[in-house]
Amino acid sequence: MAAARVDQRTNAPPVCQSCIPFALRDCPMPLNDVTLWSVGWTESAGVLADLYEPDILKRPILQHHNVFVPWDAFKHHADTLATSQVVHLRDLRQHDLPGPAPEA
Ligand SMILES: [Zn+2]
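Because the structure is predicted, anything quoted here is derived from the model rather than measured.

Rules behind the numbers
Residues numbered from 1 in each chain as written. Predicted model: local features only at pLDDT ≥ 70, side-chain atom pairs only at ≥ 80, totals over all residues. Pairing = 2+ DSSP bridges. Helix = DSSP H or I, 4+ residues; strand = E, 2+ residues; numbered from the N terminus. Axes fitted to C-alpha atoms, helices over the stretch in contact; angles between N-to-C directions. Buried ≥ 20, exposed ≤ 12 C-beta atoms within 10 Å, placed from the backbone.

**Student:** Outline the sheet that holds strand β4 (residues 80–95), supporting the account with residue identities and numerical values.
**Tutor:** Spatial ordering of the open sheet is given by β1-β4-β2-β3, a layout of four strands whose pairing is antiparallel. At either end of the open sheet lies a strand with only one pairing partner, and these are β1 (8–10) and β3 (60–70). Direction aside, neighbouring strands of the sheet carry axes that sit 30° apart on average. Strand direction decides the pairing type here: strand β2 (residues 36–54) and β3, joined by eight bridges, are antiparallel. Opposite Leu 51, over in β3, you have His 64 as the bridge partner.

Below is the structure:
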């Protein structure tokens, strides 16, 4: 087990321990540089969002796509359309990767 890293964040859902071999076998994403980390706990950090500003006719116009908006960025909240929650990952520990599940 490697040393813990500090203040990583993500909007990706976790994979439970028993599903890791199946994710390695079936995930369509390229998995040639995979590391396995466990997370001790999470804290809500903010959202991924699209930011809009009104035009002269007060119609919302997209200004930024898929940007991180932390909870304390109050001046952006009125312009924010959240698409997913982002969490801080705490007490991260690296582990050895198991082999993929056998082909079904
Ligand atoms: Zn699972």
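**Student:** Quick rundown of the pairing of β2? Include the residues and the values.
**Tutor:** By the bridge criterion, 14 bridges tie β2 to β4 in an arrangement that is antiparallel. Across the sheet, residue Gly 46 finds its bridge partner in β4, namely Val 86. Taken together, β2 and the strand that follows it, β3, pair antiparallel across an intervening segment of five residues, in which Lys 58 is found at a positive phi of about 65°.

**Student:** Let's hear about the environment of Pro 102: which residues, and what values?
**Tutor:** With respect to the secondary-structure elements, Pro 102 resides in the segment after β4. Along the backbone, Pro 102 and Ser 44 are 58 residues apart, and their C-alpha atoms lie at a distance of 36 Å.

**Student:** Could you give me a rundown of unusual backbone geometry, with the residues and numbers involved?
**Tutor:** Positioned with a positive phi, Asn 66 is a non-glycine residue whose angle comes to about 60°. Relative to the assigned elements, Asn 66 resides in strand β3. Given 11 C-beta atoms within 10 Å, Asn 66 falls into the exposed group.

As far as function goes, none of this settles anything; it's purely spatial.
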